[in-house]
Amino acid sequence: MLTTFKAILRPAEIWPLLTATFLGLVLLGGAQGPWNYYWLFAMVCWAVLDIYWALAARDAKPPVTVRQNRLALLTTMLIYALYCLPLSSIPLLGQRVVPRFAAVEIVGAFMCAFGIGFAIRARHVLAKSWNAAVTLQEGHALVQDGPYAIVRHPIYFGFLVAAVGMILVLGEVRALVLLFGIEVLLKKMGREESIQRTTFPDQYREYERRVKRLLPHVW
């Protein structure tokens, strides 16, 4: 069953699936009625990411430890609880930081789909060179094609775009929790780059010259 589900979530299938769902919501008017379907769509995007990551991590070498699994599961549950529970009436957490307009929510939902699809594609291209920890492993390669030809850290770029999209869709203070992970990502990027420079001194120097770090053509 897990193999079948993983096959359904192949990166080649992610974009058409998310695009079709997104366009359907736009045509139907996803912000109308008692449910905000743009918000629901964004949550489904994050769920797809989490499921794909969990399945892909099963093949990681070295394998993800039990402690890492538990920490990731706890963090994921807390974030989903924060986003899914009806907390709009809770002081501070439910305070709106983005005015509620359908156009803003449509843009946010699109950013969620784009960011999640981009991150999953990058994870797929990275394949066996991916590791949950910042360590060098056997057979490690300097991947420079696909999303890695656009930015040097496309997974983190996808996370960032999807996080901003979620903030636009939900529009409340509680959505800002995703931004707290930016500092963690920046520190992790620094450690990863240090390993790459040591392992591939000439190649990585040329790669840095050609491709921006996190924001295409900017930084």
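Bear in mind that the values here come from a model prediction, so they are computed numbers and not experimental data.

Cut-off values and rules
- Residues numbered from 1 in each chain as written.
- Predicted model: local features only at pLDDT ≥ 70, side-chain atom pairs only at ≥ 80, totals over all residues.
- Heavy atoms only, no water.
- Helix = DSSP H or I, 4+ residues; strand = E, 2+ residues; numbered from the N terminus.
- Contact = heavy atoms within 4.5 Å.
- Buried < 20%, exposed > 50% of the residue type's maximum accessible area, 1.4 Å probe, protein only.
- Phe/Tyr/Trp six-rings, centres within 6.5 Å; stacked < 30°, edge-to-face > 60°.
- Core = buried A, V, L, I, M, F, W, Y, C linked by side-chain atoms within 4.5 Å.

## Some points on the side chain of Arg-174
Structurally, the position occupied by Arg-174 is in the loop between helix H6 (154-170) and helix H7 (181-199). Among all residues touching Arg-174, those that are not within four sequence positions of it are Leu-82, Tyr-83, Cys-84, Leu-85, Leu-87, Ser-88 and Leu-93.

## Digging into unusual backbone geometry
One non-glycine residue, Leu-92, lies in positive phi territory at about 70°. Within the secondary structure, Leu-92 sits in the loop between helix H4 (66-84) and helix H5 (102-126). Owing to a relative accessible area of 62%, Leu-92 belongs among the exposed residues under this scheme. The backbone of His-217 sits at a positive phi, close to 65°, despite the residue not being glycine.

## A closer look at the side chain of Gln-196
Within the fold, Gln-196 resides in helix H7. Gln-196 sits in the buried class, given a relative accessible area of 16%. In this structure, Gln-196 is in contact with His-140, Leu-142, Pro-201 and Tyr-204, ignoring residues within four places of it in sequence.

## Some words on the packing of aromatic side chains
What the rule picks out here adds up to six aromatic pairs. The structure contains a cluster of three or more aromatic residues connected by ring pairs, namely Phe-110, Phe-114, Phe-118 and Phe-157.

## Thoughts on the nonpolar core
Judged by nonpolar contacts, the single largest core of 48 residues is most densely connected at Trp-46, Tyr-148, Ile-155 and Met-166. Elements with a contribution of two residues or more to this core: helix H3 (37-57), H5, H6 and helix H8 (201-210). It is H3 that contributes the most residues to this core, 13 residues altogether. Other than its neighbours up to four places away in sequence, Tyr-148 contacts Ala-122, Val-125, Leu-126, Val-143, Pro-154, Ile-155, Tyr-207 and Val-211.

Without other data, these values stay purely geometric and don't point to any function.
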